[in-house]
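# Architecture at a glance
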Amino acid sequence: MFASLPKHHTEFMHCSWEQLEPFFTELSLRSLDSSNVEAWLRDWSRLGEIIHDIFWRLYVGITVDTTDSQAEARYQRFLEQVYPQAQAAEQQLKEKLLASGLEPAGFATPLKNMRTEAEIFRPANLPLLSKELKLSSEYDRLIGAQTVAWDGEEVTLTELQKVYQAPDREQRQHAWQLAAQRQLADRRAIDALWIELMQVRGKLAENAGFSNYRDYRWKQLLRLDYTPADCARFHQAIEQVAVPAALRLYKRRRHKLGLDALRPWDLNVDVWGLPALRPFKQVEELERKVAAIFQRIDPALGEHFEVMRRERLLDLDNRKGKAPGGYCTEFLVERRPYIFMNAVGIHEDVLTLLHEGGHAFHIFEAAHLPYVQQFQYSMEFGEVASTSMELLSFPYLTSDQGGFYSTWDAARACIEYLEALLLFWPYMAVVDAFQHWVYENHSLASDPAHCDAHWDELWQRFMPGVDWSGLDAERLTGWQRKLHILQAPFYYVEYGLAQLGALQVWRNARQDQAAAIAAYRQALALGGTVSIPELYAAAGICFGFDVPAVQLGVDLIESAIHELETIVESA
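Residues numbered from 1 in each chain as written. Predicted model: local features only at pLDDT ≥ 70, side-chain atom pairs only at ≥ 80, totals over all residues. Heavy atoms only, no water.

Here the focus is the overall build of the protein. Assigned secondary structure in the protein consists of 25 helices and five strands. Compactness check: the protein gives a C-alpha radius of gyration of 24 Å against a globular reference of 25 Å for 571 residues, within 12% of the reference. When its C-alpha atoms are laid out on the principal axes, the protein stretches across 75 × 55 × 45 Å. The proportion of buried residues among the 571 residues of the protein is 59%. Of the contacts made within the protein by residues no fewer than 6 positions apart, 77% connect residues no fewer than 24 positions apart. Of the roughly 22,800 Å² of accessible surface on the protein, 50% is carried by carbon and sulfur atoms. Treating the 56 positive side-chain charges of the protein as one cloud and the 78 negative ones as another, the clouds have centres 1 Å apart. (Helix = DSSP H or I, 4+ residues; strand = E, 2+ residues; numbered from the N terminus. Rg over C-alpha atoms; globule rule 2.2 N^0.38 Å. Buried < 20%, exposed > 50% of the residue type's maximum accessible area, 1.4 Å probe, protein only. Contact = heavy atoms within 4.5 Å. Areas by Shrake-Rupley, 256 points an atom, 1.4 Å probe, with all protein chains shown as cover. Lys, Arg positive; Asp, Glu negative; His and termini not counted. Charge placed at Lys NZ, Arg CZ, Asp CG, Glu CD.)

Let us look at helix α2 (residues 17-29). The terminal C-alpha atoms of α2, which comprises 13 residues, lie 18 Å apart, in line with the 18 Å expected from a rise of 1.5 Å per residue. The complete set of buried residues in α2 reads W17, L20, F23, F24 and L27. On an axial view of α2, the arc spanned by its buried residues comes to 125°, and they lie on one face. Those residues of α2 that are exposed and angled more than 90 degrees off the buried face are E18 and L29. Looking at the buried side of α2, the elements it contacts are α3 (37-64), α4 (69-81) and α5 (83-100). (Expected span 1.5 Å × (residues − 1). Arc of directions from axis to C-beta.)

Once that is clear, we can look at the pattern of salt bridges. In total, this model carries 41 salt bridges according to the counting rule given. The partner of D270 in a salt bridge is R412, and the shortest N-O contact between them spans 2.9 Å. One end of the pair, D270, is in the loop between α12 (228-257) and α13 (283-297); the other, R412, is in helix α17 (residues 407-440), and 142 residues separate them in sequence. The exposure classification of D270 matches that of R412, with both residues buried. A salt bridge links E563 to R510; the shortest N-O distance between them is 3.1 Å. Of this pair, E563 sits in helix α25 (residues 547-569) while R510 sits in helix α22 (residues 493-511), and the two are 53 residues apart along the sequence. Classification of E563 by relative accessible area gives partly exposed; the value is 43%. Connected through shared salt-bridge partners, D315, D317, R319 and K322 make up one network. (Salt bridge = Lys/Arg side-chain N within 4 Å of Asp/Glu carboxyl O.)

For α25, built from 23 residues, the straight-helix expectation of 33 Å at 1.5 Å per residue is met to within 8% by its first-to-last C-alpha distance of 32 Å. Of the residues making up α25, those classed as buried are A549, V550, G553, V554, L556, I557, A560, I561, L564, E565 and V568. In this fold, the buried residues of α25 make contact with α12, α17 and α22.

In this section: the packing of aromatic side chains. Each aromatic ring pair is described using two quantities: the centre-to-centre distance and the angle formed by the ring planes. Within the structure shown, the criterion is met by 48 aromatic pairs. Considering the side-chain rings of F434 and W437, the 6.3 Å spacing of their centres and the 35° angle between planes classify their relative orientation as tilted. Of this pair, F434 and W437 both sit in helix α17, three residues apart, which is roughly one turn of that helix. Taking the relative accessible area as the measure of exposure, F434 reaches 0% and is therefore buried. Just above the ring of F331 sits the side chain of R57; from NZ or CZ to the centre is 3.8 Å. K322 extends its terminal NZ or CZ atom over the ring of F340, reaching a point 4.7 Å from the ring centre. (Phe/Tyr/Trp six-rings, centres within 6.5 Å; stacked < 30°, edge-to-face > 60°. Lys NZ or Arg CZ within 6 Å of the ring centre and 35° of its normal.)

Across the five residues that make up strand β4 (residues 327-331), a large majority, five, are buried. Residues Y327, T329 and F331 point to one face of β4 and C328 and E330 to the other, with burial holding for every one of them. Sheet topology note: the β4/strand β5 (residues 336-343) ladder contains five bridges and is antiparallel. Within β5, the position partnered with T329 by the bridge is Y338. In this structure, the hairpin formed by β4 and β5 is closed by a connection of four residues, where R335 is found at a positive phi of approximately 55°. (Pairing = 2+ DSSP bridges.)

Spatially, β3-β5-β4 is the arrangement adopted by the three strands of the open sheet, whose pairing is mixed. The open sheet has two edge strands, β3 (314-317) and β4, and neither has a second partner. Going from strand to strand, the sheet's axes swing by 15° on average, the running direction of each strand aside. Relative to the sheet, α3 contacts β3, β4 and β5, its axis offset from that of β4 by approximately 145°. Contacts from α13 reach β3 and β5 within the one sheet, and its direction differs from that of β3 by about 125°. (Axes fitted to C-alpha atoms, helices over the stretch in contact; angles between N-to-C directions.)

A separate point is the environment of E103. Looking at where E103 falls in the secondary structure, it is placed in the loop between α5 and α6 (108-120). The class of E103 is exposed, set by a relative accessible area of 53%.

Let us now look at the side chain of R223. Inspection of the secondary structure puts R223 in the loop between α11 (213-220) and α12. Apart from residues no more than four positions distant in its own chain, R223 is found in contact with W218, E380, F490, Y491, V493 and E494.

Here we take up the nonpolar core. By size, the foremost hydrophobic cluster in this structure holds 205 residues, and its most contacted members are L97, F234, L286 and L418. Per element, the largest residue contribution to this core is 21 residues, and it comes from α17. (Core = buried A, V, L, I, M, F, W, Y, C linked by side-chain atoms within 4.5 Å.)

The next subject is the side chain of H235. Positionally, H235 belongs in helix α12. Separated by 2.8 Å, the side chains of H235 and D432 make a polar contact. Not counting residues up to four positions away in its chain, the partners in contact with H235 are M428, A429, D432, A433, H436 and F462. (Polar contact = N/O pair within 3.5 Å; in protein donor to acceptor, adjacent residues only side chain to side chain.)

Right, let's talk about unusual backbone geometry for a bit. Phi at D151 takes a positive value of approximately 50°, unusual for a residue other than glycine. By the secondary structure assignment, D151 is in the loop between β1 (147-150) and β2 (153-156). Its relative accessible area of 69% is what places D151 among the exposed residues. One non-glycine residue, R335, adopts positive backbone phi at about 55°. Along the chain, the position of R335 falls in the loop between β4 and β5.

Packing of helix α10 (residues 187-207) against helix α19 (residues 448-462) brings their axes to within 10 Å, and their N-to-C directions diverge by 105°. As judged from the angle between their axes, α10 and α19 are roughly perpendicular. Residues R187, D191, W194 and I195 of α10 form the contact with α19, whose own contacting residues are P448, C451 and D452. Partitioning the contact of α10 with α19 into residue classes produces four nonpolar, no polar and three charged. (Parallel < 35°, antiparallel > 145°, perpendicular 65-115°, else oblique. Nonpolar A, V, L, I, M, F, W, Y, C, P; charged D, E, K, R; others polar.)

Next comes the structure, spelled out in structure tokens:
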């Protein structure tokens, strides 16, 4: 029977639930014992890969063009007619395997994940999960439509970011405030969307027997190796170590720019008065030079990226109607990654492609695992895979290495990046602490005005050093512009944890790059077969986020910035 399953996305993309259901039924009825469990898992895996790929190919369709009504209709139809039924059928198969008492090789962690998923599964939540995804796509539609008039042209807010680097302070301020006004025009629409999302998430938690959505979501994200209390300690470590370091950075920036106070539009301009970094003019150049960097880091990783180039698995340019941000997903039937981003010609674009390339390498390196359930790796380590690539690129950013810059501009790029890493921890603490508050105070946080107030309270705690006077509405509504809060709740602390891990990978590579890359690839190849601490250990790094761990990260960053500043100042 399973030999008749479609093998290519051109065949299975239009499968109805009526076509897929018999395969789930056969698996649920088939006897299961030690003699056939591997064949049973292979068949289940193939079916799961198809469902996964239909979802993600449809999702890609609505993000590459948020105005495509036909793509939106196909996505919505899948969410209504296939997704809930497939989730329910998947749960039956998980329960069948758990009840068998069998533990196939390499399945200890997947089984632990399945037990957690079985604990929170409720049939009544399936339509709610579909509705949550629909609301998420509405947020994409709102943000994707945000454009402004600049120099006589209609431009996206992403394109406007280039102006934030202009030497002319009045020009920077005008561009920043123009973007802010456009964002605030959607304030009430996002408020309304938020209220709907809170209703859905509250009901999800209630149906599953949880007192709050945070505890439900924790298990949904399979966070089995650390707790909400650990996150609170991470926030405290950031406040103790990273916030003072951020203030030192802001003070140096203010001094070098000769300003009495830093304003939000002063954070991206070059402090030496040099022209903003413009690494490429066309996305083809971005793609080609990042390919050269990956080859320098490791030829095998470079070849992975060449596969993506040959097979057109990259959508890199920014355009009107395209969803915001960037992501890397996987098409599991073909064991291929796909990268989506919004490049406009700034260094941030280089970093984004390096970052998403790291995610893509995770997919390539784990492709040997036989079962889709083993592919479910933790994003606390998945973000180490991506962030490490950003740091490992440092020696190869210069044009003589196939990269983008002169020696001095490469040093500037690295300084900007390291400063951004350090400044990210306090911002991450705001985003993560905000979400803990939201879902511990569900009724209160269902009113967007209370969200505005608490976001501002956290901003004052973690983000001193920049003067926001006269910009109250812009500051208070910052939570609306962090897509993770609306679309992927609690998926943000991973970035902060991963920075600590990636800095250790980078430190190891500066001592012995071949050994560090070998350990990195070995850890990626484990996929989701072991725990987070075990993945970190395989990569030659430690999983920790207390004061000593944050202090180590800050010390590495500050010492590297000092070294790089001597290069720039000698130019």
